[in-house]
Amino acid sequence: MSASTTATLRHDWSLAEVKALFVQPFNDLLFQAQTVHRAHFDANRVQVSTLLSIKTGACPEDCKYCPQSGHYNTGLEKEKLMEVQKVLEEAARAKAIGSTRFCMGAAWKHPSAKDMPYVLEMVKGVKAMGLETCMTLGRLDQDQTEALAQAGLDYYNHNLDTSPEFYGSIITTRTYGERLQTLAYVRDSGMKICSGGILGMGESLDDRANLLIQLANLPEHPESVPINMLVKVAGTPLENAEDIDPFDFIRMLAVARILMPQSHVRLSAGREAMNEQMQALAFFAGANSIFYGDKLLTTANPQADKDMQLFARLGILPEAREEHADEVHQAAIEQALVEQKSSEQFYNAAAV
């Protein structure tokens, strides 16, 4: 199967086809993914987002990977919904460090009627700053979805997490069909979809392939596809899960890129545990979106200055939403490069 044939949009992928992509030689897979990527994106641009937990802990869901679940004792402090003004202050900080999208996550099974007005004010306020807006609030009904769209929400994140076949081993408090219904409401409202999954939960190759098939065979591909590496948290049922092979994780990114050529594939949770070489391979495999900042909801994330230094070394620029923002991002990259050169650890290849 040539790269040129997979650069077109398809919604009819079979399990045999997708598994064939996964098992081909690693270099062939990455070459194919990079070829598809370059047909649709600037290969040296990466979209950057910041994620804020606007309501932490005490979630009634029993997702085995999640420290926010009320079913497990992970030592996480439970918090109420943040005040709107505090959320807007965090959004302003995110914009100041170069993020173009601000994502807000609440540990809910679904938003309550009493919380929705505050959530809508958050969307309106962040939107007014010139940032793209994204939220993840759990299952939505049709009226809630339409209200979010009217408030100006750009993206709604609702991950499928894994394959339909493996899903019941990870979550029992919400069905796969409910997740797909929320995605359908989001699409019908005119908002963009952010949906992906998690690797390292004990799933099989078939499960990884079937997760991507669920996403790629939707009537429209998600605009954003986060691929997460399990962050093992003490107190959750998956705290002792076996580590995923880094090459298997890169394969997942590459196959996602091939199946969904026009989607942003996000290198998401678990990046704190990845060295720079693995992250560089991830970008080569077609990942072109990251979360930017020092925390992903409740788990660590590489700090923004480290990201800028890595971008500088790789010649990558943040994808800018506004034309004038390019100059700001370029200045940040150049400054990071200056700092990197002055570091004792800087490796000068020309001197070798």
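Residues numbered from 1 in each chain as written. Predicted model: local features only at pLDDT ≥ 70, side-chain atom pairs only at ≥ 80, totals over all residues. Heavy atoms only, no water.

Novice: Any chance you could explain the packing of aromatic side chains here in plain terms?
Specialist: Both the distance between ring centres and the angle between the ring planes are used here to describe each pair of aromatic rings. As enumerated under the stated definition, the model contains three aromatic pairs in all. Judged by centre distance (5.2 Å) and plane angle (80 degrees), the rings of Phe26 and Phe247 are edge-to-face. Taken together, the residues Phe26 in helix 3 (residues 26-40) and Phe247 in helix 10 (residues 246-259) connect sequence positions 221 residues apart. Centre to centre, the rings of Phe283 and Phe311 are 6.1 Å apart; their planes meet at 80 degrees, and the pair counts as edge-to-face. With Phe283 in helix 11 (residues 276-284) and Phe311 in helix 12 (residues 304-314), the pair connects residues that are 28 residues apart, well separated along the chain. Given the relative accessible area of 6%, Phe283 is considered buried. Assessed through its relative accessible area of 2%, Phe311 is described here as buried. Across the ring face of Trp13, the terminal group of Arg10 is positioned such that the distance to the ring centre comes to 4.0 Å. (Phe/Tyr/Trp six-rings, centres within 6.5 Å; stacked < 30°, edge-to-face > 60°. Helix = DSSP H or I, 4+ residues; strand = E, 2+ residues; numbered from the N terminus. Buried < 20%, exposed > 50% of the residue type's maximum accessible area, 1.4 Å probe, protein only. Lys NZ or Arg CZ within 6 Å of the ring centre and 35° of its normal.)

Novice: Would you explain the pairing of strand 1 (residues 45-55) in this entry?
Specialist: Look at any regular strand and the pattern is simple: side chains alternate between the two faces of the sheet. In terms of burial, strand 1 is largely enclosed, as ten of its eleven residues are buried. Looking at chain direction, strand 1 and strand 9 (residues 287-291) are connected through three bridges and run parallel. Of the residues in strand 9, the one forming a bridge with Gln47 is Ser289. Where strand 1 and strand 2 (residues 101-106) come together, six bridges link them in parallel fashion. Of the residues in strand 2, the one forming a bridge with Leu51 is Cys103. (Pairing = 2+ DSSP bridges.)

Novice: Sorry, what's going on with helix 4 (residues 84-96) here?
Specialist: Quick reminder: α-helices carry 3.6 residues per turn. Residues three or four places apart thus point the same way. Taking 1.5 Å as the rise per residue, helix 4 with 13 residues should run 18 Å; its terminal C-alpha atoms sit 19 Å apart, in good agreement. Those residues of helix 4 not exposed but buried are Val87, Leu88, Ala91 and Ala94. The buried residues of helix 4 occupy one face: seen down the axis, they fall within an arc of 115 degrees. At its buried positions, helix 4 is contacted by strand 1, strand 2 and helix 5 (116-128). Gly98 sits one or two positions beyond helix 4 and adopts a positive phi of about 110 degrees. (Expected span 1.5 Å × (residues − 1). Arc of directions from axis to C-beta. Contact = heavy atoms within 4.5 Å.)

Novice: What is the right way to read the nonpolar core from this model?
Specialist: One recurring pattern in soluble globular proteins: nonpolar side chains tend to sit buried together. Counting 90 residues, the largest nonpolar core has Ile54, Tyr65, Met135, Leu148, Phe249, Leu253 and Leu259 as its most contacted members. Among the elements that make up this core, the one with the highest residue count is helix 10 (nine residues). Each residue touching Leu253, except ones within four places of it in the same chain, is listed here: Ile227, Val265, Leu267, Ala282, Ala285 and Ala287. Of all hydrophobic cores here, the second largest spans six residues; its members include Cys103, Tyr155, Cys194 and Phe291. (Core = buried A, V, L, I, M, F, W, Y, C linked by side-chain atoms within 4.5 Å.)

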